[in-house]
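Below, each chain spelled out in residue letters.
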There are 4 protein chains.
Amino acid sequence: MNKKRKIAVVITARPSYSRVKTALQAIQEHPDLELQLVVASSALLERYGSAVNYIEKDGFQIAAKVFNVLEGENLAAAAKTTGIGILELSTVFDNLKPDMVVTIADRFETMATAISATYMNIPLVHIQGGEITGNIDEKVRHSITKLADYHFVASQDAYERVIKLGEDPVTVFNTGCPSIDLADKVKQNPVLDFDPYKKYGGVGACPDLSKGYVVVMQHPVTNEYQDSRKHINETLYAIKDIGFPVLWFWPNVDAGADGTSAGIRAFREKYQTSHIHFFKNMEGEDFLKLLYNSKCLVGNSSVGIRECAYLGVPVVNIGSRQNKRARGENVMDVGYEGEAIAAAVQHFFHKGRPEPSHVYGGGDAGIQIARLLAQLPLRFHKTLNY
Amino acid sequence: MNKKRKIAVVITARPSYSRVKTALQAIQEHPDLELQLVVASSALLERYGSAVNYIEKDGFQIAAKVFNVLEGENLAAAAKTTGIGILELSTVFDNLKPDMVVTIADRFETMATAISATYMNIPLVHIQGGEITGNIDEKVRHSITKLADYHFVASQDAYERVIKLGEDPVTVFNTGCPSIDLADKVKQNPVLDFDPYKKYGGVGACPDLSKGYVVVMQHPVTNEYQDSRKHINETLYAIKDIGFPVLWFWPNVDAGADGTSAGIRAFREKYQTSHIHFFKNMEGEDFLKLLYNSKCLVGNSSVGIRECAYLGVPVVNIGSRQNKRARGENVMDVGYEGEAIAAAVQHFFHKGRPEPSHVYGGGDAGIQIARLLAQLPLRFHKTLNY
Amino acid sequence: MNKKRKIAVVITARPSYSRVKTALQAIQEHPDLELQLVVASSALLERYGSAVNYIEKDGFQIAAKVFNVLEGENLAAAAKTTGIGILELSTVFDNLKPDMVVTIADRFETMATAISATYMNIPLVHIQGGEITGNIDEKVRHSITKLADYHFVASQDAYERVIKLGEDPVTVFNTGCPSIDLADKVKQNPVLDFDPYKKYGGVGACPDLSKGYVVVMQHPVTNEYQDSRKHINETLYAIKDIGFPVLWFWPNVDAGADGTSAGIRAFREKYQTSHIHFFKNMEGEDFLKLLYNSKCLVGNSSVGIRECAYLGVPVVNIGSRQNKRARGENVMDVGYEGEAIAAAVQHFFHKGRPEPSHVYGGGDAGIQIARLLAQLPLRFHKTLNY
Amino acid sequence: MNKKRKIAVVITARPSYSRVKTALQAIQEHPDLELQLVVASSALLERYGSAVNYIEKDGFQIAAKVFNVLEGENLAAAAKTTGIGILELSTVFDNLKPDMVVTIADRFETMATAISATYMNIPLVHIQGGEITGNIDEKVRHSITKLADYHFVASQDAYERVIKLGEDPVTVFNTGCPSIDLADKVKQNPVLDFDPYKKYGGVGACPDLSKGYVVVMQHPVTNEYQDSRKHINETLYAIKDIGFPVLWFWPNVDAGADGTSAGIRAFREKYQTSHIHFFKNMEGEDFLKLLYNSKCLVGNSSVGIRECAYLGVPVVNIGSRQNKRARGENVMDVGYEGEAIAAAVQHFFHKGRPEPSHVYGGGDAGIQIARLLAQLPLRFHKTLNY
């Protein structure tokens, strides 16, 4: 009798969950795999959107929850959150005894997953390595690549880069990004068939969306910790008098999160705008529909680089966070300057949609990932080939 | 007025200390540098040789001690030791506020230093990256390379490899290994001018060393955790009836440490040999003198690959621990097989010394390292150049 | 030459700081004492009022900061925050090497201070033990009493109770509560000589305070974790249509903190009241002036039981948090019922001040505490005397 | 349908396991209870006797293992071990969701169990509170009493003391000590029906036991950390020339453990005695048989005070560790002085057995404990009744 392979996937943040949801489903449905879903860090916390609630609502069973976010408006807290994560995840892996561990992308806490699995001799799979962004996330991303035994990357660029980093080509697979799977589904039925105010609450004005609107999602950038409040202010003031509806999403946790959140709160106390609504979060599919029907996305979210390329949604990409990531024609890069941001938004608001691009895959990443997890040898030894 | 640059160096094990001692001295004596020596992990523990005592005896002031070794005969303990290390080192760095942090080599706990410094935006210097060994240490080593801002490597091979790993060549320096500095000093005055039994105690027989002797130092290999006792037994039984004096050194802490130590203890209880003496540890310089005057070194210590090459001491290198490391003519590789080990020792015992080799530098690594630390820009941003 | 005694005082929350401020000043000014102020937990966090800023502004030097608050809307987070606190404080005490450690009151994190000091054989002084409140704080409080070597209590009741708990009477001292020292100072000059809106910002309406106002400060109650949102709602709706100005202060961190905060935020989004202003925090002296000039205090803060007794300010004390604490004539107890709360506030708003009471000391607690710390034997052995 | 009550019992050391084994069996066999056995701290470690192996061999299923012993020859390590224990146990309790948690006695790590359960609102049962011993264990013991919701004490003395400490008499039960249950069983069949050398290995000489022998078990005393080596030396030299067989048991982990172990190791290296055998550990029943047939027990183990009283075995009780514990006629107290120890052993070796005493119960403690756990209300609120 064949025993199912136990695949532990650690989700640490709302965006990571959205990104790999189709892969989780494919793992769950695969006859030879057993999904062990571990939810950790900000994915558990209300003030970062309680991804855990969506996960449960989507019907996933959670094998373990790991609370490890240490509060503090300083960089040491990020390090310590990782340290606590290692302590906890080691216990979790010791109990779940997974055959493979999957870690996603490049947030600082994902390093905890990578270290626990590596040191416990559990084969480690890294999803979405090989990309370049030019900040601390990039250090973490490539560092995890060097710990990982298998690499499921999202683009041809990334594929080549991981191999240049010395990984054995037989361990690297360009599956595309599973987030595109969802975008593909949305593209086939893109009607905005729900009322976002009613379904997701949030605060602020409820402007009429029927004549077009803009979506904003801006995260703090770790390396620029002390500037996060200044940066968010530039965007806030660019948006303040923009003249058409704005749907604003709160940021994730990060070393500078409080600067960003504080900036938004201060703005809201000061101005009673009639065209901005603030959401804490939204289910992935609904969010993509909202984007699809928007005039443009403003901010520094990776969704602009990935899903929006596939959907053909214009993006005003602010600052350094997505620096150097492969991108389609839909992206306009601007600095942290209110005027430039406002001008870019105006431009897109009055212009047609760009062509879609397949730079991040073709919509079957989840299926590919599950198949690979079921078939790849369970190995955790490797050495440089140069 | 110029303020001195504060350089935090974290020592986690006895061998690392020996290896970088001349660099520490050069930092301490450099007019523009202030050394902040942090002693952590097994370097603090009696059963791994209390490196801390030697450090203090050598006149270094210790800025902070970090106890983070979690007991347990399992792999999770290694992960957790790293997690606790991150928690503690973050606090230490928050208090010491170093301008740069130096981490050494590739033990699992060195990752804690690398993560704390990286996440706290402190420029990270990695000593002895770029080498290949084919086990978990290699994963850790290259993973640290991807976090580090500067790389002081020990050989031309390593230099080229770190650059292939995508590091900017202006951040990579082949300083040679500082351990060779000490070997150079010993080479100029190699007389065994102390009585090892008297000076270092230890247990077991005290055979006459005047007609030649063999030194043994064998560490557990993390990936082969459950085999560590079997491996050590092969060596013990190869040595048991060897017929000439043997000086045996206890291993460092590691996931399999207890297997190795238990094997040695069991052997000692069972056999009352008259030709083996066991040492817990020895000061670096004395140890090199002992090696220089020995017939050969047996085991899997990196000292065989590095210092012994420079000193021209034959080495019976057992198993996979030093796999693929650049080596001189002095090394004979054997598997974990008692007979092969015994034969190799016999061979070397009756043969002349090999030629020395400069593969790991020319004896001025410490000075070079201090100079670089004083001059390099304090930066912690980087991105892949391919 | 006499060396000064090093006294480490660990502050974990804004109210504790206010409470012992005069003791800290007296320690700092005492010729035989050296104050080592450690600031930890929510005292460091912006969303709990950043007590650390006030501490620094008051001219105290901080010897160490300890970030240990683990985020999470569950009870395990409180336990883990304590665990991390022990890890960190042990390192801090190891570095500072205090002669005595002082822990204050009964918050769950204060247990971390008590355990670290006890296990490290440092004499432990507990301020404000012996009181009864009937919830988890009481368990923690008496548990710390059994670890502490000296007890500086705030009332005669508490004095007798600590001795009944088996503590040697020569180690128990009724110093009164140092918070009363500050209240005494305010009583001598009670004029509201600052504009609270200007000086402390905050959000909401800025009603005219000249014809009387009410102050609200309500904390979540740990044992009633899931009810904290319901409780705060009762108070919010009692206050909503009350007809005179209300100055509301945000709660401290606690297992239920998010429920309370979330309730307040939801209320603010829903209602645009013109008579409520929300403050994050206020310096102790200003806060006492504000209380002195108010019609009454509403909520469950201990300030109502202590300082308000001495100042003669009426208090509507809600729920179980101050249960069984010795109280003066100024307190009216009500349940978590909007109507009862509203009625009590109406009652006090139209009635004169009650008589002051000296149940918590006479205004010289800080001086007494410093004197005792300088003179008591440094001992950490004890045994039950029955 | 009735759901079984889940009872989590946390075992942190070999002696605690022996002590409560009959209670664990009774819980396991009780139709309304489900045992959740958590094994932690030194109970998992080989060098402290691997209690975990005996637990598994006895047929208990282990619900979770918690590695939390931090290595280090200092007092901070004890504190940190407790901190890590809290972190880990909180996760364990979060997963197991026990209805009650049982903590045993007074070792420093038992505080971790008490704090995790208390802060998570899980009713806490304390076994063997209320005793007095005059050292840090006593502080910990009474401190746990103040956190515990129920108290199962071992003697009438302890019963009265816990009530004096302010606990509600309806929550205090004198069950006797479950260790006596086992002693009772042994007493009914006391023949030494196994060869201890063959069954338990160990090291050293194997003297003939047929004409009488002495058992030694001496633990370090936390408060006297730096003296532990000196203390053990006094006992070692008292025993060295004693002239009849000695069976010596290694100590548990403690802040001073390394001092004690180091002393024993040094002694063994120096002297080749022909009358001393060293055991790492022994199953509880066999150990009691060994004691029953011995001339006396030497050291500071609580087994001398409890089981030996019931069995009528003489005890040379050294130093302060059992200070003030209620004791029978079988105990002779001596200081840390080789001569006094030697004289006491000589005295007992040539004298008859003392009368047994029932001071620690009548042999049905395990059954009583299980019954109470099944019936007591699940409450975690309490308040002082004076």
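- Chain A is annotated in an unreviewed UniProt entry as UDP-hydrolysing UDP-N-acetyl-D-glucosamine 2-epimerase of Cecembia rubra.

**A short note on the overall build of chain A**
Okay, step 1: From N to C terminus, chain A includes 15 helices and 14 strands.
Okay, step 2: Scaling as 2.2 N^0.38, a compact globule of 386 residues should have a C-alpha radius of gyration of about 21 Å, and chain A matches this with 20 Å.
Okay, step 3: Over its C-alpha atoms, taken along the principal directions, chain A stretches across nearly 65 × 45 × 40 Å.
Okay, step 4: Per-residue burial over chain A gives 62% buried out of 386 residues.

**With respect to the sheet that holds strand β4 (residues 100–104) of chain A**
Residues and elements named next belong to chain A.
Okay, step 1: Pairing in this open sheet of seven strands is parallel, and the strands run β3-β2-β1-β4-β5-β6-β7 from one edge to the other. Single-partner strands in this sheet number two, and they are β3 (62–66) and β7 (172–174). Ignoring strand direction, the axes of neighbouring strands in this sheet form an average angle of 20°.
Okay, step 2: Across three bridges, the pairing between strand β5 (residues 124–127) and strand β6 (residues 150–153) is parallel. Paired with isoleucine 127 across the strands is phenylalanine 152, a residue of β6.
Okay, step 3: Against the sheet, helix α1 (residues 14–29) engages β1 (5–11), β2 (33–40), β4 and β5, with an angle of about 155° to β2.
Okay, step 4: Taken strand by strand, helix α4 (residues 110–119) contacts β1, β4 and β5, and its axis lies near 160° from that of β4.

**Concerning the sheet that holds strand β5 (residues 124–127) of chain C**
Residue and element names in this part refer to chain C.
Okay, step 1: Judged by pairing direction, the sheet is parallel, and its seven strands sit side by side in the order β3-β2-β1-β4-β5-β6-β7 without closing on themselves. Either end of the sheet is taken by a strand with one partner, and the two such strands are β3 (62–66) and β7 (172–174). Between one strand axis and the next, the sheet turns through 20° on average, direction left out of account.
Okay, step 2: Across the face of the sheet, helix α6 (residues 156–164) comes into contact with β6 (150–153) and β7 while running at roughly 170° to β7.

**Looking at helix α4 (residues 110–119) of chain C**
All names here are of chain C.
Okay, step 1: Counting buried positions along α4 yields ten of ten residues, so the element is predominantly enclosed.
Okay, step 2: Among the residues of α4, Thr110, Met111, Ala112, Thr113, Ala114, Ile115, Ser116, Ala117, Thr118 and Tyr119 are the ones counted as buried.
Okay, step 3: Phi turns positive, to about 60°, at asparagine 121, one or two residues after α4.

**Concerning the relation of the copies chain A and chain B**
Okay, step 1: After a rotation of 180° and a shift along the axis of 0.0 Å, chain A superposes on chain B with an RMSD of 0.1 Å. Each copy turns onto its partner about a two-fold axis.
Okay, step 2: Taken together, the interface assignments show that 100% of the residues at the interface of chain A recur at the interface of chain B, consistent with an identical surface on both copies.

**Notes on the domain arrangement of chain A**
Often the size quoted for an interface is simply the accessible area lost on bringing the parts together.
Residue and element names in this part refer to chain A.
Okay, step 1: Here chain A is partitioned into domain 1 (5–177 + 361–375) and domain 2 (185–349).
Okay, step 2: In this structure, domain 1 and domain 2 have C-alpha centres spaced 25 Å apart.
Okay, step 3: At the junction of the two partners, domain 1 supplies 23 residues and domain 2 supplies 20 residues.
Okay, step 4: Put simply, the parts of the chain that give the side of domain 1 that touches domain 2 at least two residues each are α1 and α3 (75–96).
Okay, step 5: A total of four residues in the side of domain 1 that touches domain 2 trace back to one element, the largest contributor, which is α1.
Okay, step 6: When its residues are assigned to classes, the side of domain 1 that touches domain 2 shows eleven nonpolar, seven polar and five charged.

**Focus: the pairing of β6 of chain A**
Residue and element names in this part refer to chain A.
Okay, step 1: Here β6 shows two buried faces, one formed by Tyr150 and Phe152 and the other by His151 and Val153.
Okay, step 2: For the crossover from β5 across helix α5 (residues 136–147) to β6, the handedness is right-handed.
Okay, step 3: Taken together, the three bridges between β6 and β7 define a ladder with parallel strand orientation. Note on β7: the bridge partner recorded for valine 153 is asparagine 174.
Okay, step 4: Handedness of the crossover joining β6 and β7 through helix α6 (residues 156–164): right-handed.

**Here's the deal with the interface of chain A and chain B**
Okay, step 1: On the side of chain B, 40 residues touch chain A, which itself brings 40 residues to the contact.
Okay, step 2: The element best represented in the side of chain A that touches chain B is α3 of chain A, accounting for twelve residues.

**Here we look at the confidence of the model for chain A**
Okay, step 1: Averaged over all residues, the pLDDT of chain A is 91; the fraction at 70 or higher stands at 96%.
Okay, step 2: Here the prediction assigns the complex a pTM of 0.82, and the interface score ipTM is 0.83.

**Considering the interface of chain D and chain C**
Okay, step 1: Across the contact, 40 residues belong to chain D and 40 residues belong to chain C.
Okay, step 2: Contributing elements (two or more residues each) for the side of chain D that touches chain C: α3 (75–96), α4 (110–119), α5 (136–147) and α6 (156–164) of chain D.
Okay, step 3: Classifying every residue of the side of chain D that touches chain C by side-chain character gives 18 nonpolar, 13 polar and nine charged.

**Considering the packing of helix α3 (residues 75–96) of chain C against α4 of chain C**
Residues and elements named next belong to chain C.
Okay, step 1: One way to put it is that α3 packs onto α4 with a least axis distance of 8 Å and a crossing angle of 45°. In terms of orientation, α3 and α4 fall into the oblique class. α4 is crossed by α3, and the crossing has right-handed handedness. The segment α3 lies against α4, with Thr82, Gly85, Ile86, Leu89, Ser90 and Phe93 engaging Met111, Ala112, Thr113, Ile115, Ser116 and Ala117.
Okay, step 2: Residues of the contact of α3 with α4, tallied by class, amount to seven nonpolar, five polar and no charged.

**With respect to the pairing of strand β12 (residues 296–299) of chain B**
All names here are of chain B.
Okay, step 1: Burial along β12 is two-sided: the residues Cys296 and Val298 and Leu297 and Gly299 are all buried.
Okay, step 2: Relative to β12, strand β9 (residues 214–217) runs parallel, the two sharing four bridges. Residue valine 214 lies in a different strand from β12, and its bridge partner there is cysteine 296.
Okay, step 3: In the sheet, β12 pairs with strand β13 (residues 315–318) via three bridges, with the strands oriented parallel. Each bridged residue has a counterpart across the sheet, and for glycine 299 the counterpart in β13 is asparagine 317.

**Concerning the environment of tyrosine 336 of chain B**
Okay, step 1: Locating tyrosine 336 of chain B in the fold gives a position in the loop between β14 (331–334) and α14 (338–349).
Okay, step 2: Each C-alpha atom of the pair tyrosine 336 of chain B and lysine 97 of chain B lies 46 Å from the other, and the pair is 239 residues apart in sequence.

**What about unusual backbone geometry?**
All names here are of chain A.
Okay, step 1: In this model, glutamine 128 sits at a positive phi of 75°, which is unusual for a non-glycine residue.
Okay, step 2: Position of glutamine 128 among the secondary structure elements: in the loop between β5 and α5.
Okay, step 3: Taking the C-beta count within 10 Å as the criterion, glutamine 128 has 29 such neighbours and is therefore assigned buried.

Criteria and cut-off values
Residues numbered from 1 in each chain as written. Chains lettered and ligands numbered in written order. Predicted model: local features only at pLDDT ≥ 70, side-chain atom pairs only at ≥ 80, totals over all residues. Helix = DSSP H or I, 4+ residues; strand = E, 2+ residues; numbered from the N terminus. Rg over C-alpha atoms; globule rule 2.2 N^0.38 Å. Buried ≥ 20, exposed ≤ 12 C-beta atoms within 10 Å, placed from the backbone. Pairing = 2+ DSSP bridges. Axes fitted to C-alpha atoms, helices over the stretch in contact; angles between N-to-C directions. Contact = placed C-beta atoms within 7 Å. Least-squares fit on C-alpha atoms with pLDDT ≥ 70 in both. Domains from an automatic or database assignment. Nonpolar A, V, L, I, M, F, W, Y, C, P; charged D, E, K, R; others polar. Right-handed = clockwise from strand over helix to strand, strands pointing away. pLDDT = per-residue confidence, 0-100. Parallel < 35°, antiparallel > 145°, perpendicular 65-115°, else oblique. Left-handed = near helix turned anticlockwise from the far one by under 90°.

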